[in-house]
Amino acid sequence: MTDLFNPHSNAWLQNKFEIYKDLRSRKQAYWSEKYQVYVITRYEDVIFALSNPDIFSSAMGNLIVEDPARFGKTLGASDNPIHNTYKNIVRNAYSKDNISRILETVETKFLSMISGNNVLNMSDVADHTSAWIVAEILNLPFDKSTIQSLIVGTQKYGRSCVNVDINDLYEWKLKNLLKFFSMAEGDLPASPGPGIYHEYIHNNPDRTQAMSLFLGPCISGASSMTGGLEFLTLDLYRENLLNRVFQNQNLIPQAVNESLRFNASTGRFRRTVTKEIKMHGITLKPGDAVVLSLESANRDPDKFEDPDRFILERDTTGVAFGHGVHACIALAISKAVMNSYLKLLLDNFGLYKVLTENKDLKYVMTCSGNDDMISNLVIEKVGADV
Amino acid sequence: MIKISRIQTRPNVSVPFFRAEQPKEKSMNLKEKYIKPGALVKIENLMSTDELQFESIFYWRSIEDYCNYLIDEDCHEVKADTSDLEKIKELNLTIKLIVKVIND
């Protein structure tokens, strides 16, 4: 029988919201034989699980397809107090001032990618933009364009990111650099400015070594930002709201929030149950694995009226960035990037139509199964004589 | 100039130190691309008297030269993961990387 939960299938990714409708309405939470997890789809349940990390632990990973080597070693795959230790080291890298610096730096790079074109492969533009953002968040004392290109290559071909078309070269290079900067002691190169490297060497009194604090943004950070930019571009057009936002750019923040609720690029997280608990018609036992579907929770009609409509006035991201202890550290920068991106796109490219038909959308087959990105989103300037 | 020390410590002398195996061709490339132009100035290996600590010291012209070498596939075997670190863990070795700036 076909598994009704299958984030490694293009057909499933194209049709997932219809499938979630069925799963939410069932008497019992769905058991995925393929992934050996219960799929938690209702808003109330997802919020409860995210609010109770003592019952729904991240210590045995947060990815749908996990690697035990990550347990307790990353922000996402750890519970407190480890999680907070990591978070406190890098928290300042996501400050308001640093976000402003990053946006200013990346703006010219974004404009150079889109200027002079009537047709854009937005998947490529989003990939490159996200990689520039992450390279700036890391702010390593090494050539930033090299780091950016390694992030793009790792996103497309690294085995930590995708499970097709693998080429180890980019991820190998990226990890070699990050291994050095995260392991070395002594007369380390001075930080070029605010960012994760700066915090790692100046705000890390116990000298905690965690390459994941650098690698995480390159992998899950860049992919969720890429997906976020793509879905914003796609859904505004698909839901016939582009013209309205173009005419009144004060609506951009609302468009960003609703886009995140409507189509969260990081759609799902794993948790492991630590205490017996009843949820959605089943009794979960210690050791059971669950997938908390943020994307399904965000379409739950018990929480959101008319959830399958993109309504600008709704103005909430729902649980797109998680909730509670594990709420995404990059929430503010992600929203700022999406706001800035949409404004720059509308001001400098103008109204557009999406050339890729819905049935032809190709999703990136991510290794983790958590994040959704599109590999072939193409847009054309309205009125362009192509 | 910078000095990068890689210090391995083992629990007893029966545990072998980790040694990255590189094909001859990669070592030749290292010589041509980094040693001859003066980017990698010299390499020293030191064993402690109790033989529990092994230090490989690399003198590089600059951090940038060293980082360029780290991502140069002509001089390394490209591996799928950070398996060196895994091997080191398996062998129960501890490893430290210490950077020291040396005034020329």
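Here, the structure is the one placed above.
The structure displayed is predicted, hence computed values, not measured ones. (Residues numbered from 1 in each chain as written. Chains lettered and ligands numbered in written order. Predicted model: local features only at pLDDT ≥ 70, side-chain atom pairs only at ≥ 80, totals over all residues. Heavy atoms only, no water.)

1. Some words on the overall build of chain A
For chain A, the count of helices and strands is 13 helices and 11 strands. Relative to the globule expectation of 21 Å for 386 residues, the C-alpha radius of gyration of chain A, 20 Å, shows essentially globular dimensions. Counting only C-alpha atoms, chain A reaches 60 × 55 × 40 Å along its principal axes. Sorting the 386 residues of chain A into buried and exposed places 58% on the buried side. Taking the contacts inside chain A whose residues are at least 6 apart along the sequence as the reference set, 70% of them involve residues at least 24 apart. Here chain A has roughly 15300 Å² of accessible surface; of this, 49% comes from carbon and sulfur atoms. Considering chain A, the positive charge centre built from 40 side chains and the negative charge centre built from 45 side chains are found 2 Å apart. (Helix = DSSP H or I, 4+ residues; strand = E, 2+ residues; numbered from the N terminus. Rg over C-alpha atoms; globule rule 2.2 N^0.38 Å. Buried < 20%, exposed > 50% of the residue type's maximum accessible area, 1.4 Å probe, protein only. Contact = heavy atoms within 4.5 Å. Areas by Shrake-Rupley, 256 points an atom, 1.4 Å probe, with all protein chains shown as cover. Lys, Arg positive; Asp, Glu negative; His and termini not counted. Charge placed at Lys NZ, Arg CZ, Asp CG, Glu CD.)

2. Comments concerning the pairing of strand β3 (residues 53-60) of chain B
Residue and element names in this part refer to chain B. Pairing of strand β1 (residues 2-9) with β3 involves eight bridges; the strand directions are antiparallel. In the sheet register, Lys3 faces β3, and the bridge partner there is Tyr59. Note that strand β2 (residues 40-47) and β3 share seven bridges and pair antiparallel. Across the sheet, residue Met47 finds its bridge partner in β3, namely Phe54. Hairpin geometry of β2 and β3 is characterised by an intervening segment of five residues between the two adjacent antiparallel strands and by a positive phi of about 65° at Glu51. (Pairing = 2+ DSSP bridges.)

3. Points about helix α1 (residues 24-35) of chain B
Residue and element names in this part refer to chain B. Every buried residue of α1 is listed here: Lys26, Leu30 and Tyr34. Each buried residue of α1 lies within a common arc of 50° when the element is viewed along its axis, so the set occupies one face. Turned more than 90 degrees away from the buried face of α1, the exposed residues are Lys24 and Glu25. Considering only its buried residues, α1 is in contact with β2, β3 and α2 (63-70). (Arc of directions from axis to C-beta.)

4. As for the packing of aromatic side chains
Across all of its chains, the model carries 21 aromatic pairs over all chains by this definition. Taking the centre distance of 4.9 Å and the plane angle of 65° together, the rings of Tyr200 of chain A and Phe214 of chain A count as edge-to-face. Of this pair, Tyr200 of chain A sits in helix α8 (residues 196-202) while Phe214 of chain A sits in helix α9 (residues 212-238), and the two are 14 residues apart along the sequence. For the ring pair Trp60 of chain B and Tyr69 of chain B, a centre distance of 5.1 Å and an interplane angle of 35° mean the geometry is tilted. Owing to a relative accessible area of 1%, Trp60 of chain B belongs among the buried residues under this scheme. We classify Tyr69 of chain B as buried; its relative accessible area is 16%. Among the aromatic residues, ring-to-ring pairing joins Phe180, Phe181 and Tyr197 of chain A together with Tyr34, Trp60, Tyr66 and Tyr69 of chain B into one connected group. (Phe/Tyr/Trp six-rings, centres within 6.5 Å; stacked < 30°, edge-to-face > 60°.)

5. Quick look at the state of the cysteines
Working definition: the covalent bond between the sulfur atoms of two cysteines is a disulfide. On inspection of all chains with the given rule, the structure shows zero disulfides over all chains. Cysteine Cys218 of chain A remains unbridged, with the sulfur of Cys161 of chain A as its closest cysteine sulfur at 8.7 Å. The exposure class assigned to Cys218 of chain A is buried, which follows from its relative accessible area of 0%. Here Cys67 of chain B stays free of any disulfide, with the sulfur of Cys75 of chain B as its closest cysteine sulfur at 14 Å. Accessibility expressed as a relative area gives 0% for Cys67 of chain B, which makes it buried. (Disulfide = S-S within 2.5 Å.)

6. Some thoughts on the sheet that holds strand β6 (residues 268-273) of chain A
Residue and element names in this part refer to chain A. Spatially, the five strands line up as an open sheet ordered β1-β2-β9-β6-β3, and their pairing is mixed. Looking along the sheet, the strands with just one partner apiece sit at the ends: β1 (30-32) and β3 (56-57). Note that β6 and strand β9 (residues 289-293) share five bridges and pair antiparallel. In the sheet register, Phe269 faces β9, and the bridge partner there is Leu292. Set on the sheet, helix α2 (residues 43-51) makes contact with β2 (37-40), β3, β6 and β9; between it and β9 the angle comes to about 120°. (Axes fitted to C-alpha atoms, helices over the stretch in contact; angles between N-to-C directions.)

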